[in-house]
Amino acid sequence: MSTVEQSSGNSGRILILAAGLSGAAGVALSAAAAHLGGAFVGTAASFLLMHAPVFLATGLLGTNRILRIGSLVLLVGLLLFCGDLLARDFLGSRLFPLSAPIGGTLLIAGWLVIAASALGRARS
């Protein structure tokens, strides 16, 4: 197996794992928001649920290197954004200053990288 194939397989596995965990956390947090409330829990749940299919699709079908990179940027942004929102509700403090804005910016950047991936040739 070449280094490119191995790298592709590892990022694909990470993205599929992220899809399952994002989906499960999104459903659990949706239930928590419905029963317990919390200003930010519902928002975090929505973001997790809307990104889970993206991670699954790119993990299974992401043959384009730029597409995989964009998806990994999305993942980091999602962790920072949702992590900060959940820390505010459950811990009463932020992850660190500007963690939600940084995460949101990474989410926007990740989507733009995914869009840019359509402009290049499909490569491993």
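Before reading on, note that the structure itself is shown above.
Quick look at the structure, then. (Residues numbered from 1 in each chain as written. Predicted model: local features only at pLDDT ≥ 70, side-chain atom pairs only at ≥ 80, totals over all residues. Heavy atoms only, no water.)

**Details of the overall build of the chain**
Secondary structure assignment for the chain yields four helices and zero strands. Taken from the N to the C terminus, the helices and strands of the chain come in the order α-α-α-α. Across the chain, every contact between residues at least 6 apart in sequence was considered, and the portion connecting residues at least 24 apart equals 66%. Here the chain displays about 7,000 Å² of accessible surface, and carbon together with sulfur accounts for 71% of that area. (Helix = DSSP H or I, 4+ residues; strand = E, 2+ residues; numbered from the N terminus. Contact = heavy atoms within 4.5 Å. Areas by Shrake-Rupley, 256 points an atom, 1.4 Å probe, with all protein chains shown as cover.)

**Comments concerning the side chain of Ser 71**
By the element assignment, Ser 71 lies in helix α3 (residues 65-90). Classification of Ser 71 by relative accessible area gives buried; the value is 0%. Among the polar contacts listed, one links the side chain of Ser 71 to the side chain of Thr 58, at a separation of 3.1 Å. When residues no more than four places from it in sequence are discounted, the contact partners of Ser 71 are Leu 15, Phe 55, Thr 58 and Ile 114. (Buried < 20%, exposed > 50% of the residue type's maximum accessible area, 1.4 Å probe, protein only. Polar contact = N/O pair within 3.5 Å; in protein donor to acceptor, adjacent residues only side chain to side chain.)

**With respect to the environment of Leu 36**
Looking at the secondary structure, you find Leu 36 in helix α1 (residues 3-36). Assessed through its relative accessible area of 69%, Leu 36 is described here as exposed.

**Overview of a nonpolar patch on the surface**
Taken together, Ile 16, Leu 56, Leu 60 and Leu 61 make up a surface patch of nonpolar side chains, about 390 Å² in accessible area. If one sorts the elements of the nonpolar patch by residue count, helix α2 (residues 41-61) sits on top with three residues. Among the secondary structure elements, Leu 61 is positioned in helix α2. Its relative accessible area of 65% is what places Leu 61 among the exposed residues. (Patch = residues over 30% accessible without salt bridge, like charges linked within 9 Å, V, L, I, M, F, W, Y side chains within 5 Å. Salt bridge = Lys/Arg side-chain N within 4 Å of Asp/Glu carboxyl O.)

**Re the side chain of Ser 11**
Here Ser 11 lies in helix α1. Among the residues examined, Ser 11 registers a relative accessible area of 9% and is labelled buried.

**Overview of the packing of α2 against α3**
For any two helices packed against each other, the geometry comes down to the angle between their axes and how far apart the axes lie. Look at α2 against α3: their axes get within 10 Å of each other, and the N-to-C directions meet at 160°. The angle between α2 and α3 falls in the class roughly antiparallel. Between α2 and α3 lies a crossing of left-handed hand. Here α2 contributes Val 41, Thr 43, Ala 44, Phe 47, Leu 48, His 51, Val 54, Phe 55 and Thr 58 to the contact with α3, which in turn contributes Leu 67, Ser 71, Leu 74, Leu 75, Leu 78, Phe 81, Cys 82, Leu 85, Leu 86, Asp 89 and Phe 90. (Axes fitted to C-alpha atoms, helices over the stretch in contact; angles between N-to-C directions. Parallel < 35°, antiparallel > 145°, perpendicular 65-115°, else oblique. Left-handed = near helix turned anticlockwise from the far one by under 90°.)

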